[in-house]
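Okay, here's what each chain looks like letter by letter:
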Amino acid sequence: MTDMLATYHSLLRDSEALPVLPAKDTAQLSLYLDISARWLSFSKDHLPLLTVLTCRPYHASEPGSNLWLRHIGAYLLLGIRNRVNQHTLQQGTAALLAYHRLKQQSVITKPRVMRIIKQLNHFGQHYWAAHLLPSGKSKQYQDCFDVAWLWHRYLSRAPLCNFNDILQKLVASIPGSGQHLLAELIEYPGVIHEGMAVQLAGQQSTVVSQLKDKVLVYTAAMQQFSWHEKTHLQCRQRQTITVIDWLNINSELQKQPEEGEVISLGDHRWALPQSYPTARPPASLQALLRALNDPDIAIQKIVSLVTAEPAFSRFLNDAASKDNRMQLSVSNVKQSILTYGLERVGHMLVQYALYQRLTQHWFPLLEWYSQLAQITILLSSEMAVASGKITPQYASLVTTVALSPLFTTASEKGKTTPARIDQRLFDIDSLLGTAGERDKNTTRQRLISLATAWEQDKGQARLIACCGKLPEEVPGLLRLPHCISGLSLIWAREWLFGHTACQHTQQFIQQTNKAFPALAGLKPTLLPKVAHLLSCPLP
């Protein structure tokens, strides 16, 4: 409790001492990002306190004070619950801190704001720059940041509003496309949350902590803490206590007698969405890959391992249903495995699991990059089928790994628009805006490490090491998958982003045509197959 309070007060003090932008040096911008990172860490470690901060004013006698805290609390609650990428959340929190520091100093003028935006863009803080001011009313509210601003508008008009009052207003105000963001708040903090005043057996009580179905309640008249089912409690006209009162109750929890039952706070981590590391595959997939690599393994053992992971069995059955010639539904895992063979099944499941992990966290360009990846993967698969020399599953996996930097590079999480770079369309580094040789080597090392971690063969590692090279610079055995992956990315960027082929890109296409003449002729037939994935007019 003492550590939590010390951390909390330190954050308040340092946040209110931030220099008003524009920054005099880059260290001041770094200070904003450092404090934003501390807010993120604090929020995950002390989620109940963040809930109380968001739900009620800092002090009942001054309900309009420290509204900036409730604004940041609402944004972090929304962002954490909706799996927003940490780098995006960090820049968004910095934007809120910067705005409220400007407002506190009454220095929000158009020239000053334009200087700040220009400075932030210059240092690559694009999301921060784009979200320095509140968004217009025409927004679709598909970003947690926009929802938090609407939250703050309601709060500024009526500072005594509590969580449930504002949540009802948001549900009525936000278009259907943004309703999914609010759905996460229904589960946590929920209708009955920390700091809420409730009735328990006729006694006035306060919710101190909560699990999924239970809440820890403090009854002042009896000076007693006890756990209860949520269904046993009645809300007292949606009243909530102040942050100070909630902290005082938590202090009382530390004074329990040494003898008798000891009541403790619930573990709030249940309310933090699970985040899965991209650097390694799921344990269930690791076990399956080991089995697939065993030449003496029985098919029934593979079936058992796949069946044990419902996500894998659903994916394989769905894929087999779509792939078989008669388009009959496949519900038998063994039948699905026999449809593809063990090697193809391994590639399919690795590609499926990797793509799920790459796209698990939201950031501004996630939709664009997901579309680009889906188009490129589909093109690779179709060209592999046409070549008759590599499987579509292998080509899809190679392409997914090659595109992984779009989802794992920290600098991409703060960008608000895709880079308009009409150079080397076959090279992922040009899309990332990193064209130096050192950057290319860093990208290759990351790709090789990822392929190794996901237990891919040495041939794929050698293939990845060729990323960004022209076909004639690639060993003969690796040239076909390299050309397929590169050509797929070229066409996907042309059709989705409107990029045009530069001299190096034309050189890649010419060398591909020379080595594999049939691939280039597929372009007219492939365009209709990816049309449903394009968000731009077809040429």
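The following refers to the structure shown.

Conventions and cut-offs
Residues numbered from 1 in each chain as written. Predicted model: local features only at pLDDT ≥ 70, side-chain atom pairs only at ≥ 80, totals over all residues. Heavy atoms only, no water. Helix = DSSP H or I, 4+ residues; strand = E, 2+ residues; numbered from the N terminus. Buried < 20%, exposed > 50% of the residue type's maximum accessible area, 1.4 Å probe, protein only. Contact = heavy atoms within 4.5 Å. Areas by Shrake-Rupley, 256 points an atom, 1.4 Å probe, with all protein chains shown as cover. Lys, Arg positive; Asp, Glu negative; His and termini not counted. Charge placed at Lys NZ, Arg CZ, Asp CG, Glu CD. 1 Å grid on protein atoms, 1.4 Å probe; cavity = no way out; pocket = protein on both sides within 12 Å on 5 of 7 lines; lining within 4 Å. Points joined across faces, edges and corners; volume = space filled by probe spheres on them. Nonpolar A, V, L, I, M, F, W, Y, C, P; charged D, E, K, R; others polar. Core = buried A, V, L, I, M, F, W, Y, C linked by side-chain atoms within 4.5 Å. Expected span 1.5 Å × (residues − 1). Pairing = 2+ DSSP bridges. Salt bridge = Lys/Arg side-chain N within 4 Å of Asp/Glu carboxyl O. Axes fitted to C-alpha atoms, helices over the stretch in contact; angles between N-to-C directions. Parallel < 35°, antiparallel > 145°, perpendicular 65-115°, else oblique. Left-handed = near helix turned anticlockwise from the far one by under 90°. Phe/Tyr/Trp six-rings, centres within 6.5 Å; stacked < 30°, edge-to-face > 60°. Lys NZ or Arg CZ within 6 Å of the ring centre and 35° of its normal.

It is worth spelling out the overall build of the protein at this point. Within the protein one finds 26 helices and five strands. Dimensions of the protein, computed from the C-alpha atoms along their principal axes, are close to 85 × 65 × 40 Å. Out of the 539 residues belonging to the protein, those deemed buried represent 52%. When contacts within the protein are restricted to residue pairs at least 6 apart in sequence, those whose partners lie at least 24 apart make up 69%. Carbon and sulfur atoms make up 52% of the accessible area of the protein, which amounts to about 24,800 Å² in all. Across the protein, the 52 positively charged side chains and the 40 negatively charged ones have centroids separated by 7 Å.

Attention now moves to unusual backbone geometry. Residue Pro-22 is bonded to the preceding Leu-21 through a cis peptide linkage, with omega at 5°. In this fold, Pro-22 is placed in the loop between α1 (2-16) and α2 (26-45). In this structure, Arg-83 is a non-glycine residue whose phi angle is positive, near 60°. If you trace the backbone, Arg-83 turns up in the loop between α4 (67-81) and α5 (86-104).

Turning next to the layout of surface pockets. The calculated volume of the second largest pocket comes to roughly 720 Å³. In terms of lining, the second largest pocket is formed by 31 residues, of which the most central are Gln-142, Asp-143, Trp-362, Pro-364 and Glu-367. Where the lining of the second largest pocket is concerned, the elements lending two or more residues are α7 (126-130), α8 (144-157), α10 (179-187) and α17 (366-387). For the lining of the second largest pocket, the class distribution of residues is 13 nonpolar, 14 polar and four charged.

Before going further, it helps to spend a moment on the nonpolar core. If you look at the biggest cluster of nonpolar residues, it comprises 79 residues, and the most contacted ones within it are Tyr-8, Trp-39, Leu-49, Trp-128 and Leu-170. Once residues lying within four places of it in the same chain are set aside, the contact partners of Leu-170 are Val-147, Leu-150, Trp-151, Tyr-154, Gln-179 and Leu-182. Core analysis: the next-biggest nonpolar cluster, separate from the first, contains 73 residues, Met-383, Leu-487, Phe-508 and Leu-522 among them.

For α1, spanning 15 residues, the distance from its first C-alpha to its last is 21 Å, which sits close to the expected 21 Å at 1.5 Å a residue. When α1 is considered as a whole, its buried residues turn out to be Met-4, Tyr-8, Ser-10, Leu-11, Leu-12 and Ser-15. In the core, the buried residues of α1 are packed alongside α2, α3 (47-55), α4, α5 and α11 (243-253).

This next bit is on the pairing of strand β3 (residues 214-219). Looking along a regular strand, one sees side chains alternate from face to face of the sheet. When you tally the buried positions in β3, you get five out of six residues, the bulk of the element. Relative to β3, strand β2 (residues 203-210) runs antiparallel, the two being bridged by five bridges. Bridge pairing in β3 links Ser-205 to Thr-219. Where β2 folds back onto β3 in an antiparallel hairpin, the turn is made up of three residues. The sheet contact formed by β3 and strand β4 (residues 224-229) spans six bridges and is antiparallel. Across the sheet, the residue bridging to Val-217 is Ser-226, located in β4.

Further remarks concern α4. Over its 15 residues, α4 runs 21 Å from end to end, which matches the ideal 21 Å to within 8%, given 1.5 Å per residue. For α4, a buried count of 15 out of 15 residues is recorded, marking the element as mostly surrounded by other parts of the structure. At the exit of α4 stands Arg-83, carrying a positive phi of roughly 60°.

Our next topic: the pattern of salt bridges. Opposite charge on two side chains permits them to pair, given that their charged atoms come into close proximity. Under the definition given, this model contains 10 salt bridges. Where Asp-14 meets Arg-38, a salt bridge forms, and the shortest distance between an N and an O atom there is 2.9 Å. With a gap of 24 residues between them, Asp-14 in helix α1 and Arg-38 in helix α2 connect regions that are remote in the sequence. For Asp-14, a relative accessible area of 23% gives the class partly exposed. The class for Arg-38 is partly exposed, based on a relative accessible area of 32%. When salt bridges that share partners are traced, they join Arg-81, Glu-184, Glu-187 and Lys-212 into one network.

Between helix α23 (residues 476-497) and helix α26 (residues 523-530), the least distance of the axes is 12 Å, while the angle of their chain directions is 55°. Taken together, α23 and α26 sit at an angle that is classed as oblique. Regarding α23 and α26, the two cross each other, and that crossing is right-handed. Contact residues: α23 offers Trp-491, Glu-494 and Trp-495, while α26 offers Lys-523, Leu-526, Leu-527 and Val-530. Of the residues contributing to the contact of α23 with α26, the split by class is five nonpolar, no polar and two charged.

The next thing to look at is empty space enclosed by the protein. According to the stated counting rule, one finds three cavities of 30 Å³ or more in the structure shown. Each pocket or cavity is described by its volume, and for the largest cavity that value is around 210 Å³. Forming the boundary of the largest cavity are 20 residues, of which Ala-402, Phe-426, Cys-467, Ser-485 and Gly-486 lie nearest the centre. Counting residues per element, the lining of the largest cavity draws most heavily on α23, at five residues.

Glancing now at the packing of aromatic side chains. Under the counting rule described, the total for this entry stands at 17 aromatic pairs. Measuring from ring centre to ring centre gives 6.4 Å for Tyr-369 and Phe-407, while their planes differ by 80°; the resulting arrangement is edge-to-face. Pair noted here: Tyr-369 is in helix α17 and Phe-407 is in helix α19 (residues 405-408), with a separation of 38 residues, a long-range link. Phe-407 matches Tyr-369 in its accessibility class, with the two residues each being buried. When the ring centre of Tyr-154 is taken as reference, the NZ or CZ atom of Lys-169 above it lies at 5.8 Å. Residue placement shows Lys-413 over the ring face of Phe-363; its charged tip is 4.8 Å from the ring centre.

Looking now at the environment of Ile-166. With respect to the helices and strands, the residue Ile-166 is situated in helix α9 (residues 163-173). Through-space distance from the C-alpha of Ile-166 to that of Thr-500 is 48 Å; in sequence the pair is 334 residues apart. Look past the residues within four positions of Ile-166 in its chain and what remains in contact with it is Trp-151, Tyr-154, Leu-155 and Cys-161.

All quantities given are derived from atomic positions and should not be read as evidence of function.
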